[in-house]
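Coordinates in review
Take a look at the letters that make up each chain.
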Amino acid sequence: MTLTCAIFILLTSLLALPFSYVLNIIAQGKDQMKMFLSGAVVLLIIGLLPQYALRIRTKQPKVNSFIHVLSLLTFNSVMSLIIALENDGLIAEFLGSFLREGEPYLKSAHGTMMCYWDGICHNAMYLTIMAAISWNQSFYDIGLYWVGSFSQRLIVVLLALMIGKDSLRWAFLLYCPFMVICVWSLKKFLDEKAEESKSIKNGLMKDVSSHSKSSMSIWRRPVDLIFMAFYMCAAFFAVFRFTTAMGPNKGLTKSYVDKVEPYLQDTLPFAKAEIMIQLFYFMPYYAVSIYALLYPGHSWVLQWSIVYAGASGQGQFSFIGSSFHYRTPYIYRVPQTFLARLLFWFINGMLFLVPQIMAYKYNCSPEFFLFDFNESNKVENVINIRKDKLIGMVTNTLEKTE
């Protein structure tokens, strides 16, 4: 990708401003089908625009498909920022009618925080990816982080619609292209990251003497031991919060939801959707990650730790922000007592920060997850056989000379 392509993608994303105004006018007619069709036409224009404009500008017969993807994503990111700013009253008359008629769930506190994350954090990721491509550098780590973050948002919205009172409307189908992009990107980034891990692994296998089972014991890795303890605590807390949000409020659960996290009882389904993801999606990850920390050679941890960091980052940002946002009813916001806020920030801060530190640590020091003792034993056996043969040849030569 050249600098021209990156500038063109950024300029294309700014078309969200006039297009949002047009979509808002169409939505005033309250025709769901027209809203969906107009949104689909806009996405089609944004997706195909690079194909024609860049071919004319650069005279290239074919444009990289990833440019189309980035055009759609950056455009969607600016649209999300417009929604967030309008929800908070900083701008007006851009997408108000479209939200009321097409996506009313985005007018909630949780929807506003998700749009802020998409409009700011995701946009920063897209800029980083474009810069990396322009400089011929790897961008698969940031790509995996984006996949985890973006998929978290899609799953939360889908679950909230399934368990909430808002019915599924035609405008929700506009998410379908982004679901396809998310799945396609996940496969692409995982494959590229796996190739990168293989090259690192080949270098590690050349130095088998510096690794032993005793040196890789969990008791000799205090940081990984802390991460294991975090997984256990996070799994326990996921079950506890799910019981608090879904079950009857009695005893400890009632005390917790009243004094620490009343947002779990919000009438809107977003908080419950976040808790369901932590229980049904994150808990299996915790289990297999604990196993991977005990036994070496599981290189998939490097990829999925980044995906998990992105998902937890987006989820916790939206959950924390919604617990304080003015659109959340006062009775569901975090109580203003010192103990309540201390516990709230400690629990949710750990759930936000530790996955980020974990992904960084794993990918900066990947030796444990790439080193396989079965393969290393084979290499050692081959080396020992060759040594024995060499010693035998030297001995025979010395005997003959004597």
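In what follows, the structure referred to is the one given above.
These remarks concern the structure in this document. (Residues numbered from 1 in each chain as written. Predicted model: local features only at pLDDT ≥ 70, side-chain atom pairs only at ≥ 80, totals over all residues. Heavy atoms only, no water.)

Turning to the overall build of the protein chain, a few remarks are in order. Helix and strand counts for the protein chain come out as 15 helices and zero strands. For the protein chain, with 402 residues in total, the buried portion stands at 49%. For the protein chain, the accessible surface area stands at approximately 20200 Å², while carbon and sulfur atoms represent 67% of it. (Helix = DSSP H or I, 4+ residues; strand = E, 2+ residues; numbered from the N terminus. Buried < 20%, exposed > 50% of the residue type's maximum accessible area, 1.4 Å probe, protein only. Areas by Shrake-Rupley, 256 points an atom, 1.4 Å probe, with all protein chains shown as cover.)

A separate point is the layout of surface pockets. In this structure, the largest pocket occupies an estimated 480 Å³ of space. Around the largest pocket sit 19 residues that line it, and S151, I155, Y281, W304 and V307 are the ones nearest its centre. For the lining of the largest pocket, the secondary structure elements donating two or more residues are α7 (140-163), α8 (176-205), α11 (270-294) and α12 (300-324). Among the elements that take part in the lining of the largest pocket, α7 stands out by supplying seven residues, more than any other. (1 Å grid on protein atoms, 1.4 Å probe; cavity = no way out; pocket = protein on both sides within 12 Å on 5 of 7 lines; lining within 4 Å. Points joined across faces, edges and corners; volume = space filled by probe spheres on them.)

Following the criterion strictly, the structure yields 30 aromatic pairs and no others. Pairing Y291 with Y295 gives two aromatic rings, centres 4.9 Å apart and planes at 45 degrees, and the pair type is tilted. Residue Y295 is classed as partly exposed on the basis of its relative accessible area, which comes to 45%. In this structure, R221 packs its charged tip against the face of F368, placed 3.7 Å from the ring centre. For R241, the ring lying beneath its charged end belongs to F319, and the centroid distance is 4.9 Å. (Phe/Tyr/Trp six-rings, centres within 6.5 Å; stacked < 30°, edge-to-face > 60°. Lys NZ or Arg CZ within 6 Å of the ring centre and 35° of its normal.)

Take the packing of helix α9 (residues 222-246) against α11 next. Where α9 meets α11, the axes come as close as 9 Å, and the angle between the chain directions of the two elements is 155 degrees. In terms of axis orientation, α9 runs roughly antiparallel to α11. You can see that α9 and α11 cross each other, and the crossing is left-handed. Its residues assigned to classes, the contact of α9 with α11 shows 21 nonpolar, two polar and three charged. (Axes fitted to C-alpha atoms, helices over the stretch in contact; angles between N-to-C directions. Parallel < 35°, antiparallel > 145°, perpendicular 65-115°, else oblique. Left-handed = near helix turned anticlockwise from the far one by under 90°. Nonpolar A, V, L, I, M, F, W, Y, C, P; charged D, E, K, R; others polar.)

On the surface, M33, L37, W170 and L173 cluster together into a nonpolar patch covering about 340 Å² of accessible area. Along the polypeptide, W170 turns up in the loop between α7 and α8. (Patch = residues over 30% accessible without salt bridge, like charges linked within 9 Å, V, L, I, M, F, W, Y side chains within 5 Å. Salt bridge = Lys/Arg side-chain N within 4 Å of Asp/Glu carboxyl O.)

Turning to the pattern of salt bridges, a few remarks are in order. Tallying each qualifying case throughout the model produces seven salt bridges. Between K187 and D191 there is a salt bridge, and its shortest N-O distance comes to 3.1 Å. Of this pair, K187 and D191 both sit in helix α8, four residues apart, which is roughly one turn of the helix.

At K30, a residue that is not glycine, the phi angle is positive and equals roughly 60 degrees. Position of K30 among the secondary structure elements: in the loop between α2 (16-27) and α3 (32-58). For K30, a relative accessible area of 58% corresponds to the exposed category. With a phi close to 60 degrees, E93 is a non-glycine residue in the positive phi region. Residue position: E93 is located in the loop between α4 (65-87) and α5 (96-101). For E93, a relative accessible area of 52% gives the class exposed.

Now for empty space enclosed by the protein. In total, this model carries three cavities of 30 Å³ or more according to the counting rule given. Size it by volume and the largest cavity reaches roughly 310 Å³. N76, M79, F98, E103 and L174 are the residues nearest the centre of the largest cavity, which is lined by 20 residues in total. Within the residue set of the lining of the largest cavity, elements represented by two or more residues are α3, α4 and α7. When residues in the lining of the largest cavity are grouped by element, the largest group, five residues, is from α4.

This part takes up α12. Taking 1.5 Å per residue, 25 residues should reach 36 Å; α12 reaches 37 Å between its end C-alpha atoms and fits that length. With 21 of 25 residues buried, α12 lies mostly within the body of the structure. (Expected span 1.5 Å × (residues − 1).)

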